Amino acid sequence: MSSPEIIAVELAKAYRLLNHGPTVLVSAQHGNDKDVMAAAWACALELTPAKVTVVLDKSTKTRQLVEQSGYFALQVPCYAQIDMVHQLGTISKFDQPNKLEDCKTELFYQDELNVPLVSGSIAWLVCKVIPEPHNQQTHDLFIGSVIAAWADSRVFRDGHWYFENAAKELRSLHYIAGGTFYLIGEEVKAKL
């Protein structure tokens, strides 16, 4: 499902899609099996080449798919998706095989990449795992090299976020605990 609002993001600017500390959705696929989970611990790691990190608990189906396929996607969800995001973060596909349908998670694919992306998000980063077995086993920490990135031009363009004039539904979510999130606030600038 391609949309006119989805624009390619220069990989040198891809870190900015995560730099504001949003909750993310992590998606992966191996064969026909796919899953999506919410994660609060994801961040940019390196600018060039663009790299990210994400913590994926050993008990999750998404992690199993990432380990099998060697790829994952990080999505930046928005307020319009809050209930789905919370459900994806609390329901395990191991316990509920129809998790994605039950959570009303619509997926699409971009540029012939075999990594599912979550419709309605405001940014997407497709990553190839950089194997670090010690970090993965000891700290559940995965490093990904960003191979493609897109954003919704209504809130991200020319390498920058523009939330100050965005509809509330398009603002990024920031997880606290117990189903509580904050929305990104207004832009303020330091004196130069």
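These numbers come from a predicted model, not from an experiment.

Draft legend 1. Just the overall build of the chain, in detail. What the chain contains, in helices and strands, is four helices and 14 strands. For the chain, the C-alpha radius of gyration of 16 Å lies close to 16 Å, the compact-globule estimate for 192 residues. Summarising its shape, the C-alpha atoms of the chain cover approximately 45 × 35 × 35 Å along the three principal directions. The 192 residues of the chain split such that 47% are buried. Put simply, of all contacts in the chain between residues at least 6 apart along the chain, 67% involve residues at least 24 apart. Put simply, the chain shows about 9800 Å² of open surface, and 51% of that area lies on carbon and sulfur atoms.

Draft legend 2. Spotlight on helix H2 (residues 82-90). For H2, the set of buried residues is Met-84, Val-85 and Leu-88. Here the buried residues of H2 occupy an arc of 100° about the axis, which is enough to place them on one side. The outward face of H2, more than 90 degrees from its buried face, is lined by the exposed residues Asp-83 and Thr-90. As for H2, its buried residues are in contact with strand E2 (24-30), strand E3 (33-39), helix H3 (99-102), strand E8 (117-118), strand E13 (173-177) and strand E14 (180-183).

Draft legend 3. Summary view of the UniProt feature "domain: Flavin reductase like" (unreviewed entry) in the chain. With numbering matched to this structure, UniProt assigns "domain: Flavin reductase like" (unreviewed entry) to residues 16-158. End-to-end, the C-alpha atoms of residues 16-158 are 11 Å apart, and along that stretch the chain is 20% helix and 39% strand.

Draft legend 4. Spotlight on the layout of surface pockets. Its boundaries defined by the atoms lining it, the largest pocket holds a volume of some 530 Å³. Forming the walls of the largest pocket are 26 residues, and the residues nearest its centre are Met-37, Ala-38, Ala-39, Thr-60 and Gly-89. Of all the elements in the fold, those that place two or more residues in the lining of the largest pocket are E3, helix H1 (61-69) and H2. Counting residues per element, the lining of the largest pocket draws most heavily on H2, which supplies five residues.

Each value, and the rule that gives it
Residues numbered from 1 in each chain as written. Predicted model: local features only at pLDDT ≥ 70, side-chain atom pairs only at ≥ 80, totals over all residues. Heavy atoms only, no water. Helix = DSSP H or I, 4+ residues; strand = E, 2+ residues; numbered from the N terminus. Rg over C-alpha atoms; globule rule 2.2 N^0.38 Å. Buried < 20%, exposed > 50% of the residue type's maximum accessible area, 1.4 Å probe, protein only. Contact = heavy atoms within 4.5 Å. Areas by Shrake-Rupley, 256 points an atom, 1.4 Å probe, with all protein chains shown as cover. Arc of directions from axis to C-beta. UniProt positions renumbered as here; feature names shortened; annotations may be inferred. 1 Å grid on protein atoms, 1.4 Å probe; cavity = no way out; pocket = protein on both sides within 12 Å on 5 of 7 lines; lining within 4 Å. Points joined across faces, edges and corners; volume = space filled by probe spheres on them.

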